[in-house]
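Each chain, written out:
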Amino acid sequence: MKWPNYHPLPSLTPQHFRSLLRAHARQPSFTTGKVFHAVILTTGLSANPNTFVLNTLLHLYGKCGAPLYARKLFDQIPHSHKDTADWTSLIACLAHNAVSLDALSLYTEMRKENVEIDEVTMTCLLSLCARLRDLRVGVEGHACMVKMGFGFSVKTCNAVMDMYGKCGLVDEARQVFSEMEVRSVVSWTVLLNCVVKWEGVEKGRLVFDDMPERNEVAWTIMVVGYVERGFMREGFSLLSEMVFGLGFGLNYVTLCSLLSACAQSGDLMMGRWIHVYALKAMGKEIDIMVGTALVDMYAKCGTIETALKAFEYMPLRNVVAWNAMFSGLAMHGQGKVLLDMFPKMTAEVKPDDLTFIAVLSGCSHSGLVDQGWHYFHNLDSVYGLTPKIEHYACMVDLLGRVGRLEEAEILIKKMPIPPNEVVLGSLLGSCSVHGKLQLGERIIQELIQMDSHNTEYHILLSNMYALAGNSDRANSLRRVLKNKGTRKVPGMSSIHVGGQVHQFSSGDKSHPRSGEIYVNLDEMIRRLRLGGYIPDTASQVFFGYTADEMEEKEQALFVHSEKLALSFGLISTRPGASLYIFKNLRICRDCHSAIKIASGIYNREIVVRDRNRFHCFKQGSCSCSDFW
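Residues numbered from 1 in each chain as written. Predicted model: local features only at pLDDT ≥ 70, side-chain atom pairs only at ≥ 80, totals over all residues. Heavy atoms only, no water.

An unreviewed UniProt entry lists the chain under the name DYW domain-containing protein, from Dipteronia sinensis. In UniProt, the chain has this text filed under Sequence similarities (unreviewed entry): "Belongs to the PPR family. PCMP-H subfamily." (UniProt positions renumbered as here; feature names shortened; annotations may be inferred.)

The subject of this paragraph is the UniProt feature "repeat: PPR" (unreviewed entry) in the chain. Taken from the UniProt record, the annotation "repeat: PPR" (unreviewed entry) applies to residues 153–187. Here residues 153–187 is 74% helix and 0% strand, with 11 Å between the C-alpha atoms at its ends. (Helix = DSSP H or I, 4+ residues; strand = E, 2+ residues; numbered from the N terminus.)

Moving on, we come to the side chain of Arg401. Summarising the element assignment, Arg401 is placed in helix α23 (residues 389–401). Of the residues examined, Arg401 reaches a relative accessible area of 15% and is grouped as buried. Engagement of the side chain of Arg401 in a polar contact is seen with the side chain of Ser364, the distance being 3.1 Å. Engagement of the side chain of Arg401 in a polar contact is seen with the side chain of Asp397, the distance being 2.7 Å. (Buried < 20%, exposed > 50% of the residue type's maximum accessible area, 1.4 Å probe, protein only. Polar contact = N/O pair within 3.5 Å; in protein donor to acceptor, adjacent residues only side chain to side chain.)

Let's shift gears to the nonpolar core. Met122, Leu192, Met297 and Phe326 are the most contacted members of the largest nonpolar core, which has 153 residues in total. Apart from residues no more than four positions distant in its own chain, Phe326 is found in contact with Leu338, Met341, Phe342, Met345, Thr355, Ala358 and Val359. Residues Leu528, Val559, Leu566 and Leu570 belong to the second largest nonpolar core, which totals 31 residues. (Core = buried A, V, L, I, M, F, W, Y, C linked by side-chain atoms within 4.5 Å. Contact = heavy atoms within 4.5 Å.)

Attention shifts here to the pattern of salt bridges. Under the defined criterion, the tally for this structure stands at 18 salt bridges. Note that Asp162 and Lys166 form a salt bridge whose closest N and O atoms lie 2.6 Å from each other. Placement of both Asp162 and Lys166 in helix α9 (residues 154–166) is noted, with a separation of four residues, approximately one turn of the helix. (Salt bridge = Lys/Arg side-chain N within 4 Å of Asp/Glu carboxyl O.)

Right, let's get into the environment of Arg513. Looking at the element boundaries, Arg513 is found in the loop between β2 (500–505) and α29 (514–530). The class of Arg513 is partly exposed, set by a relative accessible area of 28%. As a C-alpha pair, Arg513 and Ser572 span 59 residues in sequence and 10.0 Å in three-dimensional space. Sequence-distant contacts of Arg513, defined by excluding residues within four places in its chain, comprise Phe568, Ile571 and Ser572. Separated by 3.0 Å, the side chains of Arg513 and Glu516 make a polar contact.

Below, the discussion takes up the sheet that holds strand β1 (residues 492–497). If you walk across this open sheet you meet the six strands as β2-β1-β3-β4-β5-β6, and the pairing is mixed. This sheet does not close on itself; its edge strands, each paired only once, are β2 and β6 (621–622). Sheet topology note: the strand β3 (residues 579–583)/strand β4 (residues 606–609) ladder contains four bridges and is parallel. In the sheet register, Phe582 faces β4, and the bridge partner there is Arg609. (Pairing = 2+ DSSP bridges.)

Before going further, it helps to examine the pairing of β2. Where burial is concerned, the two faces of β2 differ: the one with Gln500, His502 and Phe504 is buried and the one with Val501, Gln503 and Ser505 is not. The pairing of β1 with β2 spans six bridges and is classified as antiparallel. Bridging across to β2, Ser494 finds its partner in Gln503. In this antiparallel pair of consecutive strands, β1 and β2, the connection spans two residues, and Gly498 shows a positive phi of 65°.

A word on the confidence of the model for the chain. Averaged over all residues, the pLDDT of the chain is 84; the fraction at 70 or higher stands at 88%. Across residues 1–10, confidence stays below pLDDT 50; counting only partners more than four residues off in sequence or on other chains, it has 10 contacts. When the criterion is pLDDT under 50, residues 542–548 qualifies, and its contacts beyond four places in sequence or with other chains add up to 13 contacts. (pLDDT = per-residue confidence, 0-100.)

Taking 1.5 Å of rise per residue, 13 residues should cover 18 Å, and helix α22 (residues 369–381) covers 19 Å from first to last C-alpha, within 8% of that figure. All of the buried residues along α22 are Val369, Gly372, Trp373, Tyr375, Phe376, Asn378 and Leu379. Those residues of α22 that are buried lie in contact with α20 (335–348), α21 (353–366), α23 and α24 (405–414). (Expected span 1.5 Å × (residues − 1).)

Looking now at the pairing of strand β5 (residues 614–618). For β5, a buried count of four out of five residues is recorded, marking the element as mostly surrounded by other parts of the structure. One ladder, built from four bridges, connects β4 with β5; its direction is antiparallel. Within β5, the residue paired with Ile606 across the bridge is Phe617. Connecting the antiparallel pair β4 and β5 is a turn made up of four residues.

Let us look at the environment of Ala468. Within the secondary structure, Ala468 is located in the loop between α27 (455–467) and α28 (471–483). Among the residues examined, Ala468 registers a relative accessible area of 54% and is labelled exposed. Residues Ala468 and Leu437 lie 31 residues apart in sequence; the distance between their C-alpha atoms is 8.0 Å.

This next bit is on helix α31 (residues 561–572). For an α-helix, 3.6 residues make a turn, and residues three or four places apart therefore share a direction. The end-to-end C-alpha separation of α31 is 16 Å, in line with the 16 Å expected for 12 residues at 1.5 Å each. Burial within α31 is extensive, with 10 of its 12 residues counted as buried. Residues of α31 that are buried: Ser561, Glu562, Lys563, Leu564, Ala565, Leu566, Ser567, Phe568, Gly569 and Leu570.

Now the structure itself:
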């Protein structure tokens, strides 16, 4: 960069430098800050703390996001020459640059030094507590705020409400809001976000309708709230009013929030609408964050081919975009495609930890053991990354899926860090799939020590007993859980039809078209049987029933949530239309077999997203090749 035309340099006074630094702080640049820093050192201006030049430079470093430089400079300034603004500037810099715990420590140090706390400091502290979900320090900050007389500050009250909202204390946030004499649109928006998140969109809509003024953020919160919870019509109606009625433009932050909500709910229709809007607003030079959100949305909504096209059209791609693409491919079992793309990625960007989690996950979901070992062994030597527990978990999952459980157990024992629930839980799942009952019993003892309240481990073990033909032990274990009052998380399946999400649980008869659904279900099961479907009753465990009551077991399988969603989809959409079903748990073996046959009988593409991955059923086969 060219140095500003002030000549000669030695003639610049401390006042000149402070003015220059303040001017550049309005559009901060780290490079500019380092140039000024070098000149201050070489001209000797830093020798006298009374010039306060270092203090002004500290604020510049803080605003351009250089926490290490800011902290080092802060420590060089004598305590006697640091005021509240200096402390607050560093706290804000640390808080916004991923060193939040250091920022809290600095606040504690500030109190010990008896430095005066002002409104800006308090707002910064409370915002930090909101980000960290640190309720203890947040409550202390609230008490301190009231004691110091900042309770009438709108900004500080907003920060308190946000802190309580992030920590899930809606009543406390409402109390602060009710006590405010003056409320800004931000105050209303903070309360709205809190209520929508913790109390739902119905109560949130009451707050939204009461708002005297609504900004883009408030509208976005409501639209995202509706979309995430499956209220597509309400969300789309509100979005249309926001854009076409009031003329609000959707910036990249709003677009990313909406696309994230579509990805979570599986709302492909709205996701496509937002894509068209983004193309019209941004053209071919689509923002990299929006492009990444589009890739993630299409992948999580089940259309991996469209995700690939959106990725290819991105004018710029960083490691986050590549990771989103790789994660999508891994979820869809496209491990070979992912590995084919990997050399192209390394030519563009440097892979990080998350990249290899996606790579190893892709290998795991595709049974690519040798390739998985290759990348795992090369993490440190080739890519300079220390394997983390997430990478070990992927390898244990990969080995377990193909039945190499002994190797997986050896890998766990060689880990430089203790295994967590994810690692051991993955191995337990593989024990269930491959019938390794003794190993499963050993693993579950370790898991119970980590979390005795997790019922999934006990249920998985009872299923293993059932599959091994030991129904007495299976029923006994489930009775223990029942007597303790613990329940299995119910399986729920959702399907998008007619702009609405329709949700089903096992044996559900609450849907308005329940009669039609069950009539069609009987016909569907009849056709599936003719197509070769045999109910997998081996894993069914009942309280109080004997193993020979086959009909009861079959009937329980027929009303699984996936089959109810499929039956509804078949009678509610035109013949041949693709169906997208979303399951909150792992799809069971029986439903997997049934839907695979149904895809051929009804000539439908049926995409199921379960907790682990996608299954794309076509013409009697699944994209997972029965490996999931």
